[in-house]
Amino acid sequence: MAETAPPPAVAPAAAPAGRTPILEVDGLRKGYGGDPVLDGISLQVFEGEFVSVVGPSGCGKTTMLRCLAGLLPFESGTVRIDGAAVTGPPATLGIVFQDYSRSLLPWLSVRDNVRLPLRYQAISKKQAAAQADEALESVGLAADGHKRPWQLSGGMQQRVAIARALAYRPRLLLMDEPFASVDAQTRVELEDLMLRLWSERAMTIAFVTHDIDEAIYLGDRIVALTRRPTGIRETMTVDLPRPRDQIATKATERFAELRASVFTALGHHEEAAG
Ligand SMILES: Nc1ncnc2c1ncn2[C@@H]1O[C@H](COP(=O)(O)OP(=O)(O)OP(=O)(O)O)[C@@H](O)[C@H]1O
């Protein structure tokens, strides 16, 4: 029987030279009721980076993001954002979750949903309104601020959730499978929207996804997680030029090589081989 050629090697990612880490995770351990989930995760995300995190279903990606965001206590290890230990949600952090229908308040207008978290910032009402309007404009919803979230399509609702995080002007944006619940066409539009916003706003993004192509298309680096108890299997540099294009970038040989490497890192070839 013919042997399958091993996929081309991808160099393990080195720390970007001269860059400051915004997020530093060291030895993060977290379980539920004595059942270990995260088993000593250590990683750094550097200023201006777009880091994609991929891992098998149920390995603890959401658990990890919640720990990083200060929303969930963990057993041991440290999480630092801008050098300060995370003990609760930091003011410089924005989060976008998968389930926009639960994260937006249906009785508030789109504009008021976006303004809501700004109440907790030391800024005037006028400034909060300006930041909210600017964020809505940047996601293409300037004309929809008066509507209720349920009057919008799923993709538009997720744009509202993105605008709400942006209005906060975060230095670090955590995104948890944000496009998993929208159709394929909307998904590619939202991916390109995120790339535009990321480059315009000099943000740092950690983006969790199930989708290997999405992880490669968006990321500067990919962090591949193992099965539970979960550690980091591999960190890979995505050496595809920017700006990226949904058709041209995905048609390159390098994209196919990276896809094979990430599949291998996630252990898909082992499953296929039995
Ligand atoms: N609050 C909780 N209490 C008990 N167990 C939990 C809790 N939250 C998550 N788990 C368990 O921890 C494991 C990791 O869940 P988590 O949602 O973090 O994984 P995930 O990688 O994001 O999953 P998916 O790929 O399905 O989105 C799962 O086995 C899940 O059932």
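Per chain, residues are indexed from 1 in the order of the written sequence. Side-chain atom pairs in this predicted model are given and counted only at pLDDT of 80 or more, local residue features only at pLDDT of at least 70, and totals for whole chains, interfaces and linings cover all residues. Side-chain measures were taken over the full set of non-hydrogen atoms in the model, leaving aside hydrogen atoms and water.

1. Comments concerning the sheet that holds strand β10 (residues 232-237)
Backbone-to-backbone hydrogen bonds join strands into a sheet, with any given pair of strands oriented parallel or antiparallel.
Right, so step 1: The rule for pairing is simple: two strands pair if DSSP sees at least two bridges between them. Secondary structure elements follow DSSP: runs of H or I of four or more residues count as helices, runs of E of two or more count as strands, with numbering from the N terminus. Strand order in the open sheet formed by 6 strands is β6-β7-β8-β3-β9-β10, and the pairing between neighbours is mixed. Lying at the two open borders of the sheet, with one neighbouring strand each, are β6 (93-96) and β10. Neighbour to neighbour, the strand axes of the sheet diverge by 15 degrees on average, direction disregarded.
Right, so step 2: In terms of strand pairing, strand β9 (residues 221-225) meets β10 through 5 bridges, oriented antiparallel. The partner of Ala224 across the bridge, within β10, is Glu234.
Right, so step 3: Relative to strand β7 (residues 172-176), helix α1 (residues 61-68) is tilted by about 155 degrees, and along the sheet it contacts β3 (50-54), β7, β8 (204-208) and β9. Inter-axis angles, ranging from 0 to 180 degrees, are taken between N-to-C directions of lines fitted to C-alpha atoms, where helices are fitted over the stretch in contact. Any pair of residues with heavy atoms lying within 4.5 Å of one another is described as a contacting pair.

2. Some thoughts on the UniProt feature "domain: ABC transporter" (unreviewed entry) in the protein
Right, so step 1: UniProt positions are given in the numbering used here, feature names are shortened, and annotations may be inferred rather than shown by experiment. According to UniProt, the positions carrying the feature "domain: ABC transporter" (unreviewed entry) are residues 23-252.
Right, so step 2: Here residues 23-252 is 31% helix and 26% strand, with 31 Å between the C-alpha atoms at its ends.

3. Thoughts on unusual backbone geometry
Right, so step 1: Here the residue pair Arg228 and Pro229 is connected by a cis peptide bond, since its omega of -10 degrees sits within 30 degrees of zero.
Right, so step 2: Inspection of the secondary structure puts Pro229 in the loop between β9 and β10.
Right, so step 3: For the bond from Arg242 to Pro243, the omega torsion is 0 degrees, close enough to zero to count as cis.
Right, so step 4: By the element assignment, Pro243 lies in the loop between β10 and α8 (253-265).
Right, so step 5: Even without glycine at this site, Asp82 takes up a positive phi of about 50 degrees.
Right, so step 6: Within the secondary structure, Asp82 is located in the loop between β4 (76-81) and β5 (84-85).
Right, so step 7: Not every positive phi belongs to a glycine, and Arg169 is a case in point at roughly 55 degrees.
Right, so step 8: Mapped onto the elements of the fold, Arg169 is located in the loop between α5 (154-167) and β7.

4. Some points on the state of the cysteines
Right, so step 1: In what follows, a disulfide is any cysteine sulfur pair within 2.5 Å. Counting across every chain of the model gives 0 disulfides.
Right, so step 2: Of all cysteine sulfurs in the structure, the one in Cys67 sits closest to Cys59, which takes part in no disulfide; the separation is 13 Å.
Right, so step 3: A relative accessible area of 1% places Cys59 in the buried class. Only protein chains enter the calculation, and the probe is 1.4 Å; a residue is then buried if its accessible area is under 20% of its type maximum, exposed if over 50%, and partly exposed in between.

5. Overview of the sheet that holds β5
Right, so step 1: Across the sheet, 4 strands lie side by side as β2-β1-β4-β5; this open sheet has antiparallel pairing. Bordering the open sheet on either side are β2 (35-46) and β5, each of which pairs with just one other strand.
Right, so step 2: Bridging between strand β1 (residues 21-32) and β4 involves 5 bridges; their strand directions are antiparallel. Across the sheet, Leu23 pairs through a bridge with Ile81, a residue of β4.
Right, so step 3: Against the sheet, α1 touches β1, β2 and β4, its axis set at about 125 degrees to β1.

6. Describing the packing of α5 against helix α6 (residues 184-201)
Right, so step 1: One can describe the packing of α5 onto α6 by two numbers: an axis separation of 11 Å at closest approach and a directional angle of 15 degrees. By the criterion of interaxial angle, the relationship of α5 to α6 is roughly parallel. Pair α5 / α6 crosses with right-handed handedness. Residues Gly155, Gln158, Arg159, Ile162 and Leu166 of α5 touch α6, and the partners they reach there are Thr186, Glu189, Leu190, Leu193, Met194, Leu197 and Arg201.
Right, so step 2: Residues belonging to the contact of α5 with α6 are distributed by class as follows: 6 nonpolar, 3 polar and 3 charged. Any angle between 65 and 115 degrees counts as roughly perpendicular, while under 35 counts as roughly parallel, over 145 as roughly antiparallel, and the rest as oblique. By definition, turning the near helix anticlockwise from the far helix through less than a right angle yields a left-handed crossing, and turning it clockwise yields a right-handed one. Just so you know the grouping, Ala, Val, Leu, Ile, Met, Phe, Trp, Tyr, Cys and Pro go in nonpolar, Asp, Glu, Lys and Arg go in charged, and all remaining residues, Gly too, go in polar.

7. Some details on the environment of Val110
Right, so step 1: The topology assignment puts Val110 in helix α3 (residues 110-115).
Right, so step 2: Considered as a pair, Val110 and Lys147 are 37 residues apart in the sequence and their alpha carbons are 5.8 Å apart.
Right, so step 3: The residues touching Val110, leaving out its near neighbours within four places in the chain, are Leu136, Asp144, Gly145, Lys147, Arg148, Pro149, Leu152 and Val160.

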